Every structure is written in C-alpha cells, then in structure tokens.
Amino acid sequence: MRRTYRRCEALVDDLDVSASSDVRGLCRRVAEQRGRPIHLEAVPLSPEGPYGLWISTARTDYIFFEERTSPFHQEHIIAHELGHMLCRHGHAAAPWDADSLHTMLPALDPGVVGQVLHRRHYADAEEQEAEIFASLLLQRLSRPVSGSVGNAPSEAAEVLERLDRSLCRRPADPTS
Ligand SMILES: [Zn+2]
C-alpha cells in the first residue's frame, strides 16, 4: 500500500498540478503533453454499472462520467479515471464487448463503441491505485499554492483512510 501511495504521489508530482485550477483544466494539459486528446463527457450511465469509464481508442482517450450526480462527485470520478489512464491499468483481464458497453453507455456513438479495444475490468489493486491517485490529485488542486508545504505525515494517513470509498463501483444493491 505504501509503495502504491508513493507511485501515485510521483505521478501527481509530475503533473504540475498547481498550474490548473480544476480537473478539467488539468485534463487539457495532460492531453497536450501526451499529444492525445482527452474527451470528457457527462452521460447517463447504467445504474448497474460504474460511475465512470475510461475508454482508450487508437487516437483518443474518452472519460465518461455520470451526469446525474454532484459536480464535486464528477470531479472525483474524472480524477479516478485519469488515474487508471496514467497508471496504464487494464492490461490483464478480459475486454468489454460491444454489447455490454452499449448497455452501460446507451448514449455513446456506436462507432466509438466499435473502436473500443482497451477497456478492461480492473483488478482490485488497480481500483485502489486509481482511488489513491484521485484523492492525492484533488487534495493538491484544492490546496492554496502559497500554503503548499509538502508532505505532512497526516496526508498519507488521511488518503489511506478514505480508500474504502470505491468510486468506480457503485454500492451493491441490497435488494439483489
Ligand atoms: Zn476505477
């Protein structure tokens, strides 16, 4: 867990977060640096599915996030999906098929669904890493620049404590 935290911290350090005031602005900068556009799109996602999706196609990264939730939650979802993207997650498991993607993302252009090659089911460790990344990133974004004093010991503890909140997955439906 400590190693994962340090890895995420290094990734966030590389992002020069202080130059952006929000996650959307940061995504624009990351896209410029990578030379790959990142499309952010609020969509009504299926209630059974995740709150967010990162989809990588040949030329573009798409981050879809639930439109029926608060702006604060949306920022967190985007940061979480950005974590999956920058940590290069999703190389181990089975890919989504076009049918299940269409069920989760009814609003998505079928042409885009057809191009989906890299979206995978994530391992728990990857979910955890994306969540640590998102927490660190949002902490940096909301921190006043002048007050940036580096790594207080409590910062790690606070992030680690919040890890049981998994944003990629919705809480299990108690009726099913
Ligand atoms: Zn996730």
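Scroll up to find the structure this text is about.
Keep in mind it's a predicted model, so treat the numbers as computed, not measured. (Residues numbered from 1 in each chain as written. Predicted model: local features only at pLDDT ≥ 70, side-chain atom pairs only at ≥ 80, totals over all residues. Heavy atoms only, no water.)

*Asks:* What's the story with the overall build of the protein chain in this structure? I'm lost.
*Replies:* What the protein chain contains, in helices and strands, is seven helices and three strands. Starting at the N terminus, the α and β elements of the protein chain follow one another as α-α-β-β-β-α-α-α-α-α. Burial analysis of the protein chain (176 residues in total) assigns 48% to the buried set. Summed over all atoms, the accessible surface of the protein chain reaches about 9,500 Å², with 52% contributed by carbon and sulfur. (Helix = DSSP H or I, 4+ residues; strand = E, 2+ residues; numbered from the N terminus. Buried < 20%, exposed > 50% of the residue type's maximum accessible area, 1.4 Å probe, protein only. Areas by Shrake-Rupley, 256 points an atom, 1.4 Å probe, with all protein chains shown as cover.)

*Asks:* Sorry, what's going on with the state of the cysteines here?
*Replies:* By definition, a disulfide links the sulfur atoms of two cysteines through a covalent bond. Evaluation of the coordinates by the stated rule reveals zero disulfides. Cys87 carries a free sulfur, and the closest cysteine sulfur to it, the one in Cys8, is 5.0 Å from it. Accessibility expressed as a relative area gives 11% for Cys87, which makes it buried. (Disulfide = S-S within 2.5 Å.)

*Asks:* What exactly am I supposed to notice about the nonpolar core here?
*Replies:* Leu15, Ile38, Leu82, Phe133 and Leu137 are the most contacted members of the largest nonpolar core, which has 29 residues in total. Of all the secondary structure elements, the ones that give two or more residues to this core are helix H1 (2–14), helix H2 (23–34), strand S3 (61–66), helix H3 (71–86) and helix H6 (124–142). The element best represented in this core is H6, accounting for seven residues. Residues in contact with Phe133, not counting those within four places in the same chain, are Cys8, Leu11, Val12, Leu15, Ala79, Leu82, Gly83 and Leu86. Ranked by size, the runner-up nonpolar core spans six residues in total, among them Val43, Leu45, Leu53 and Phe64. (Core = buried A, V, L, I, M, F, W, Y, C linked by side-chain atoms within 4.5 Å. Contact = heavy atoms within 4.5 Å.)

*Asks:* I keep staring at the packing of aromatic side chains and nothing clicks. Help me out?
*Replies:* Two numbers describe a pair of aromatic rings. These are the distance of the centres and the angle of the planes. In this structure the tally under the stated criterion is one aromatic pair. Arranged with centres 5.9 Å apart and planes meeting at 0°, the rings of Tyr62 and Phe64 form a pair that is stacked. You can call Tyr62 buried: its relative accessible area is 14%. (Phe/Tyr/Trp six-rings, centres within 6.5 Å; stacked < 30°, edge-to-face > 60°.)

*Asks:* Is there a simple way to explain unusual backbone geometry in this structure?
*Replies:* It is generally the case that most residues other than glycine have a negative phi and that most peptide bonds are trans. One non-glycine residue, Asp16, lies in the positive phi region at around 55°. Of note in the backbone geometry, Arg88 takes a positive phi value of approximately 55° without being a glycine. With respect to the secondary-structure elements, Arg88 resides in the loop between H3 and helix H4 (98–104).

*Asks:* Help me understand the pattern of salt bridges in this model?
*Replies:* Close approach of charged atoms allows side chains of opposite charge to pair. For the coordinates displayed, the defined rule picks out seven salt bridges. With its nearest N and O atoms 3.5 Å apart, the salt bridge here joins Glu75 to Arg24. Of this pair, Glu75 sits in helix H3 while Arg24 sits in helix H2, placing them 51 residues apart in sequence. For Arg34, the salt bridge identified is with Asp61, shortest N-O distance 3.0 Å. Remark: Asp61 occurs in strand S3 and Arg34 occurs in helix H2; sequence separation between them is 27 residues. One network of salt bridges, in which partners are shared, links Arg34, Arg36 and Asp61. (Salt bridge = Lys/Arg side-chain N within 4 Å of Asp/Glu carboxyl O.)

*Asks:* So what exactly am I meant to see when it comes to H3 here?
*Replies:* One full turn of an α-helix is made of 3.6 residues, so residues set three or four places apart face in the same direction. Along its 16 residues, H3 runs 22 Å from first to last C-alpha, staying within 8% of the 22 Å computed at 1.5 Å per residue. By the criterion of burial, H3 is predominantly enclosed, with 14 of the 16 residues buried. With its phi angle positive at about 55°, Arg88 sits one or two positions after the end of H3. (Expected span 1.5 Å × (residues − 1).)

*Asks:* Looking at this structure, how should I read the environment of Thr4?
*Replies:* Within the secondary structure layout, Thr4 lies in helix H1. As for Thr4 and Ala125, which are separated by 121 residues in sequence, their C-alpha atoms are 9.0 Å apart. Those residues in contact with Thr4 that lie beyond four places of it in its chain are Glu129 and Ile132.

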